[in-house]
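Here's the letter readout for the chains.
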Amino acid sequence: MSDGTTTPEAGFVQDRIPVELDETGFSTDVEKEDIGERIDSPFDPDLIEVQTRNPTVALLLNRIRRGTIDLAPDFQRRAGIWTQQAQSRLIESLLLRITLPTLYAAEGEEDIWAIVDGVQRLSTIARFVTPEHIGATPLRLTGLEYLTEFDGCAFGDLPGRLQTRIEETELVVLLIRRGTPEEVKFNIFARINTGGRPLTRQELRHALIPGPARSFLAELAHSHAFRQATGGSVSAERMSDREMCLRFLAFSLTPPEDYASGDFDKFLRQAMHQVNGMDSAGRDALHARFLSSMDASFAVFGEHAFRKRFREITRRSPVNKALFEAQSVTLSGYTKGMIDLLAERHSQVEEGFLDLMDDADFFNAVSAGTGDVGKVRLRFRMLDEMFLEVLNA
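Residues numbered from 1 in each chain as written. Predicted model: local features only at pLDDT ≥ 70, side-chain atom pairs only at ≥ 80, totals over all residues. Heavy atoms only, no water.

- Per an unreviewed UniProt entry, the protein goes by the name DUF262 domain-containing protein and belongs to Streptomyces blastmyceticus.

Comments concerning the sheet that holds strand S7 (residues 173-176)
Strands in a sheet are paired, the pairing made by backbone hydrogen bonds, and the direction either parallel or antiparallel.
And then number 1: If you walk across this open sheet you meet the five strands as S3-S7-S5-S6-S4, and the pairing is mixed. Looking at the sheet topology across the chains shown, the edges are occupied by strand S3 (50-53) and strand S4 (69-70).
And then number 2: Note: S3 against S7, four bridges, orientation antiparallel. Residue pairing in the sheet places Val 50 in a bridge with Ile 176 of S7. (Pairing = 2+ DSSP bridges. Helix = DSSP H or I, 4+ residues; strand = E, 2+ residues; numbered from the N terminus.)

Some points on the packing of helix H14 (residues 346-358) against helix H16 (residues 373-391)
Any two packed helices are characterised by how steeply their axes cross, that is the angle between the axes, and by the distance between the axes.
And then number 1: Where H14 contacts H16, the axes come no closer than 10 Å and their chain directions differ by 150 degrees. Here H14 runs over H16; the crossing is right-handed. The residues of H16 that touch H14, namely those facing Gln 348, Val 349, Gly 352, Phe 353 and Leu 356, are Met 382, Leu 383, Met 386, Phe 387 and Val 390.
And then number 2: Along the lines of polarity and charge, the residues of the contact of H14 with H16 split into eight nonpolar, two polar and no charged. (Axes fitted to C-alpha atoms, helices over the stretch in contact; angles between N-to-C directions. Left-handed = near helix turned anticlockwise from the far one by under 90°. Contact = heavy atoms within 4.5 Å. Nonpolar A, V, L, I, M, F, W, Y, C, P; charged D, E, K, R; others polar.)

Overview of the nonpolar core
And then number 1: Grouped together as the largest cluster of nonpolar side chains are 73 residues, with contacts concentrated most on Leu 331, Leu 342, Phe 353 and Phe 387.
And then number 2: Ranked by residues supplied to this core, first place goes to H16 with nine residues.
And then number 3: When near neighbours in sequence (up to four residues on either side) are disregarded, Phe 353 contacts Phe 301, Arg 307, Lys 308, Arg 309, Leu 323, Gln 327, Phe 362, Leu 383 and Met 386.
And then number 4: Formed by 34 residues, the second largest nonpolar core is a distinct cluster that contains Leu 60, Ile 115, Leu 141 and Leu 147. (Core = buried A, V, L, I, M, F, W, Y, C linked by side-chain atoms within 4.5 Å. Buried < 20%, exposed > 50% of the residue type's maximum accessible area, 1.4 Å probe, protein only.)

Thoughts on the pattern of salt bridges
And then number 1: By the definition in use, this model includes 22 salt bridges.
And then number 2: With a shortest N-O distance of 3.3 Å, Asp 265 and Arg 201 are connected by a salt bridge. Placement of Asp 265 in helix H10 (residues 264-277) and of Arg 201 in helix H6 (residues 201-208) is noted, with a sequence separation of 64 residues between them.
And then number 3: Asp 265 gets classed as buried once you look at its relative accessible area, which sits at 4%.
And then number 4: If you follow the salt bridges from partner to partner, you end up with Glu 182, Arg 201, Arg 205, Glu 243, Arg 247, Asp 265, Arg 269, Lys 321, Glu 325 and Arg 379 in one network. (Salt bridge = Lys/Arg side-chain N within 4 Å of Asp/Glu carboxyl O.)

Details of the pairing of S7
Taken residue by residue, a regular strand's side chains alternate between the two faces of the sheet.
And then number 1: Sheet topology note: the strand S5 (residues 103-107)/S7 ladder contains four bridges and is parallel. Bridged to Leu 103 within S7 is Val 173.

Quick notes on the packing of aromatic side chains
And then number 1: Applying the stated criterion across every chain, the model contains 17 aromatic pairs.
And then number 2: Aromatic side chains Phe 251 and Phe 264 sit 6.1 Å apart centroid to centroid with 40 degrees between the ring planes, which places their arrangement in the tilted category. Note that Phe 251 is positioned in helix H9 (residues 240-253) and Phe 264 in helix H10, a separation of 13 residues in sequence. By the burial criterion, Phe 251 is buried, and Phe 264 matches it. (Phe/Tyr/Trp six-rings, centres within 6.5 Å; stacked < 30°, edge-to-face > 60°.)

Examining unusual backbone geometry
The phi torsion of most residues other than glycine is negative, and most of the peptide bonds are trans.
And then number 1: In the Ramachandran plot, Asp 111 falls in the positive-phi region, its phi being about 60 degrees despite a non-glycine side chain.
And then number 2: For Asp 111, the location among the structural elements is in the loop between S5 and strand S6 (113-117).
And then number 3: Classification of Asp 111 as partly exposed rests on a relative accessible area of 34%.
And then number 4: For Phe 306, which is not a glycine, the phi torsion comes out positive at approximately 70 degrees.

Some points on the environment of Asp 157
And then number 1: By the secondary structure assignment, Asp 157 is in the loop between helix H3 (119-129) and helix H4 (160-167).
And then number 2: Judged by relative accessible area, Asp 157 falls into the partly exposed class, the value being 44%.
And then number 3: Separated by 17 residues in sequence, Asp 157 and Arg 140 have C-alpha atoms that sit 9.5 Å apart.
And then number 4: In this view, Asp 157 contacts Arg 140 and Gly 152; residues no more than four positions away in its chain are not counted.
And then number 5: In this structure the side chain of Asp 157 is engaged in a polar contact, spanning 2.9 Å, whose partner is the backbone nitrogen of Ala 154. (Polar contact = N/O pair within 3.5 Å; in protein donor to acceptor, adjacent residues only side chain to side chain.)

A closer look at the packing of helix H12 (residues 321-332) against H16
And then number 1: In the contact formed by H12 and H16, the axes pass within 10 Å of each other and the chain directions differ by 50 degrees. Classified by the interaxial angle, the pair formed by H12 and H16 is oblique. Where H12 crosses over H16, the handedness of that crossing is right-handed. Only Arg 379, Phe 380, Leu 383, Asp 384 and Phe 387 of H16 make contact with H12, whose side of the interface consists of Ala 322, Glu 325, Ala 326, Gln 327, Val 329, Thr 330 and Leu 331.
And then number 2: Here the residues of the contact of H12 with H16 sort into seven nonpolar, two polar and three charged. (Parallel < 35°, antiparallel > 145°, perpendicular 65-115°, else oblique.)

Given below as structure tokens:
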């Protein structure tokens, strides 16, 4: 079609729905999304301030001790790769004077550095030299390749000259200064690909927006209600689960009819800032609404909640983010009696949803350019109309 839209019949094979992959190349059971983002206006180069710093290990460890480096402790990329031997080999590289890759950081309020790329490297060094500063068990070297005589050693067991060598090692830090606009920071870090795979948008949001929203999203993603509604299959490794929870919060705080920017990434960043600015009572209310919506989604859709459905195809599709936000937020606005009635009329809901998936406009609204203002409003409106039609039947 000339306007770039897709339909269920054209250019689409259900058995080959693309999915997001984790660090090991396995499916996250989340459909890969075409959000259709674009830069509406170029960045002003004068607003971008990037500095290269060369602090010593000792200076960085002092920053960690004082709390002026934010390691975002649960922000662990490449999970399972950083074994004790891998960490030991990194320390061995310092002892051999091998230059480590550049660390990437963003400067925040009160001169706090948020480490965006290099968390594992810096955490490893801290675990070896000053484990008490990060609440970690001390690292003892193991599986060294060259300096095998130091296998089994902790930092204090090393000769003084080698302790000094580590502490005086200079690391390269590319620091984006505080005055750089947030959207520019995100764009810069989104281009970084130091480990063969770029950071996901949610990983970036987690690293660059500190505050209560971090732990709040983790709590929602780890909840039994979320796990049950998504079939327990959504991988947490690259924070796809937290992004879905954030989408629910974003459209709960800003109703879809008020969504107007078209910059979906900015919309989600603003939601994180809003959650950070709320008091505990406000977050508790959101928490209760989220759990209720997950229970409602599972009651109404069962194992196919948040997933595309197709006639005469029984295989379960991966979770679709656009359907997740539309189904969960819409159902969260219904009373318990309405939810019970929709669950009771499950076959009618299923038939109504299949009709939606046969509709080219709805299918396109959950498949391509999903951040477009018109498509956001359309998928919410059409889904709500379908539910109301079943309720009023």
